[in-house]
Amino acid sequence: MSDALSEDGSDINQDDSQEDVMTPAELITKLEEAWLNEKFSPELLENKSEVVECVMEQLTHMEANLQRVKKGDAKAGFHQMEIDRIRFVLSSYLRSRLQKIEKYFPHVLEREKSRVEGQLSLLSPEEFAFAKEYYANTETYLKAVALKRMPPNLQAVDMLKAVPEPCLDSFVFLRVKKRQENILIEPETDEQRDFVVDLEEGSQHLMRYRTIAPLVSSGAVQLI
């Protein structure tokens, strides 16, 4: 699947059988959803590089249109504020992903390594290169400042054990976009039992992330 912007700024997703047109407003909504999910999720989510690329093209298109606005036109200020707002959301989204890569880099690379054929990539090519370089630089730094001064039997470090994993049992707020039935809720104490709940469209909940992680990936719920 490939995304591109049409001449009027809309996003086009086209395959051999159909052409799906997305308006600029819908494109920005997708970016904002990805931003909030990434911001509030304890783990690194699948990359949205196609959305990012389309938004960057959309920003270029908007800035070109802004250059054609007459000086002194009141609309110019509003358009510039909207461009700045979109740039902030885009930058915050990418920054959140880089922070998680730095925090959980061995686990991120391990997940990418164990990805089965056909499964969506966790990292964009640029993020993958960054994660590998960060891993190599961390190993080099540890060896230079500490490990080489330790006994030979203590000079090896298992990064997967040394770096903590994301806490998937943390609680998150969410809003339901599509009704979900029979969601299994794990007990909080030994005295409780497993039970199932139905999540109504538009309802908001505070739930353990591990329980609703698949729903975040499928777009059935939105983290808030």
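These figures come from a predicted structure and were not determined experimentally. (Residues numbered from 1 in each chain as written. Predicted model: local features only at pLDDT ≥ 70, side-chain atom pairs only at ≥ 80, totals over all residues. Heavy atoms only, no water.)

### A look at the side chain of Ser 124
Inference 1: Relative to the elements of secondary structure, Ser 124 occurs in the loop between α4 (105-113) and α5 (125-145).
Inference 2: Exposure remark for Ser 124: the relative accessible area of 8% places this residue in the buried category.
Inference 3: Residue contacts for Ser 124: discarding those within four places in its chain leaves Asn 47 and Ser 49. (Helix = DSSP H or I, 4+ residues; strand = E, 2+ residues; numbered from the N terminus. Buried < 20%, exposed > 50% of the residue type's maximum accessible area, 1.4 Å probe, protein only. Contact = heavy atoms within 4.5 Å.)

### Details of the environment of Val 163
Inference 1: Mapped onto the fold, Val 163 is located in the loop between α6 (159-162) and β4 (171-176).
Inference 2: A sequence separation of 56 residues divides Val 163 from His 107, and the C-alpha atoms of the two residues are 8.1 Å apart.
Inference 3: Discounting chain neighbours no more than four positions away, the residues touching Val 163 are Lys 103, Tyr 104, Phe 105, Pro 106 and His 107.

### Quick word on the nonpolar core
Inference 1: The biggest cluster of nonpolar side chains holds 18 residues, and the ones touching the most others in it are Leu 27, Leu 31, Val 55, Leu 59, Ile 86 and Leu 90.
Inference 2: Going through the elements one at a time, α1 (24-40), α2 (49-67) and α3 (74-103) are the ones with two or more residues in this core.
Inference 3: Counting residues in each nonpolar core, the second largest holds 16 residues, with Leu 174, Ala 213, Leu 215 and Leu 223 among its members. (Core = buried A, V, L, I, M, F, W, Y, C linked by side-chain atoms within 4.5 Å.)

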